[in-house]
Protein chains: 2
Amino acid sequence: MKAVIRITLKNGVLDPQGKAISHALDALGFKGVEEVRQGKLIEIELNENDETRAKQQITEMCEKLLANTVIENYEFELTPVVSS
Amino acid sequence: MKAVIRITLKNGVLDPQGKAISHALDALGFKGVEEVRQGKLIEIELNENDETRAKQQITEMCEKLLANTVIENYEFELTPVVSS
């Protein structure tokens, strides 16, 4: 299975990186940008074909390592890997 | 409109951050991790309700600032913002 994990900052947590992007866009002349938030995108290929077990493993990885659950949310999608 | 942009490294481009995550997962006891790639996730709220124009603006932002198109791919989805 392949997992695509999105890790985003929780609402209310300051996002200086997002602010920097916002300012840079403004400096480049893009008007109308209201808010920018930056998160992380992690793609993991797992050697596991069972969806339930893959889901468990990815959840555990997020909780233990990938996301800081105090300030970040995570969500992920699992898709089967088509072997070529 | 709100845009969710995913920026990922092109195939063949080395990803040391992904490698580091992969090693860390292995050290934590997660077996069966085959490949990890890390990308960026950028969420932008645009003060623009026309989908075509929003698409143009986001594409331009990606080309000019957000993605390094030599080594990175980008893709995005636009969704209308429901005003509360």
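Everything below is about the structure shown above.
For clarity, every value in this text was computed on a predicted model and none was experimentally measured. (Residues numbered from 1 in each chain as written. Chains lettered and ligands numbered in written order. Predicted model: local features only at pLDDT ≥ 70, side-chain atom pairs only at ≥ 80, totals over all residues. Heavy atoms only, no water.)

A description of the relation of the copies chain A and chain B should follow, citing residues and the corresponding values.
Between the two copies of the chain lies a relationship made up of a rotation around an axis and a movement along it. Once chain A has been moved 0.0 Å along the axis and rotated by 180°, it coincides with chain B to within an RMSD of 0.0 Å. The operation mapping one copy onto its partner corresponds to a two-fold rotation axis. Relative to the rotation axis, the closest C-alpha in chain A is found at K40 of chain A, a distance of 2.4 Å. Here 100% of the interface residues in chain A have copies in chain B that are interface residues too; the copies meet face to matching face. (Least-squares fit on C-alpha atoms with pLDDT ≥ 70 in both. Contact = heavy atoms within 4.5 Å.)

Explain the sheet that holds strand β3 (residues 72-79) of chain B residue by residue, including any values.
In spatial order, the strands read β3(A)-β1(A)-β2(A)-β2(B)-β1(B)-β3(B); together these six strands make up an open sheet with antiparallel pairing. Here the strands that pair on one side only, and so sit at the sheet edges, are β3 (72-79) of chain A together with β3 of chain B. This sheet shows a mean twist of 20° between the axes of neighbouring strands, independent of strand direction. For strand β1 (residues 2-9) of chain A and strand β2 (residues 33-46) of chain A, the ladder comprises six bridges, and the chain directions are antiparallel. Among the inter-strand pairings, I7 of chain A is bridged to a residue of β2 of chain A, identified as K40 of chain A. (Pairing = 2+ DSSP bridges. Helix = DSSP H or I, 4+ residues; strand = E, 2+ residues; numbered from the N terminus. Axes fitted to C-alpha atoms, helices over the stretch in contact; angles between N-to-C directions.)

Tell me what's going on with the packing of helix α1 (residues 16-27) of chain A against helix α2 (residues 51-66) of chain B, and back it up with residues and numbers.
As a packed pair, α1 of chain A and α2 of chain B sit with axes 11 Å apart at the nearest point and diverge in direction by 105°. Taken together, the axes of α1 of chain A and α2 of chain B lie roughly perpendicular to each other. From α1 of chain A, I21, A24 and L25 of chain A reach across to α2 of chain B, where they touch M61, L65 and L66 of chain B. Partitioned by chemical class, the residues of the contact of α1 of chain A with α2 of chain B number six nonpolar, no polar and no charged. (Parallel < 35°, antiparallel > 145°, perpendicular 65-115°, else oblique. Nonpolar A, V, L, I, M, F, W, Y, C, P; charged D, E, K, R; others polar.)

I'd love a proper account of helix α1 (residues 16-27) of chain B, names of residues and values included.
In an α-helix, one turn spans 3.6 residues, which is why side chains three or four residues apart end up on the same side. Under the 1.5 Å per step criterion, the end-to-end length of α1 of chain B is 16 Å for 12 residues, consistent within 8% with the ideal 16 Å. Of the positions making up α1 of chain B, those classed as buried are G18, I21, S22 and L25 of chain B. Around the axis of α1 of chain B, the buried residues are gathered within 100° of arc, so they sit on the same side. Exposed residues lying more than 90 degrees from the buried face of α1 of chain B are P16, K19, H23 and A27 of chain B. In the core, the buried residues of α1 of chain B are packed alongside β2 and α2 (51-66) of chain A together with β2 (33-46) of chain B. Of the residues one or two after α1 of chain B, G29 of chain B is the one with positive phi, at around 100°. (Expected span 1.5 Å × (residues − 1). Buried < 20%, exposed > 50% of the residue type's maximum accessible area, 1.4 Å probe, protein only. Arc of directions from axis to C-beta.)

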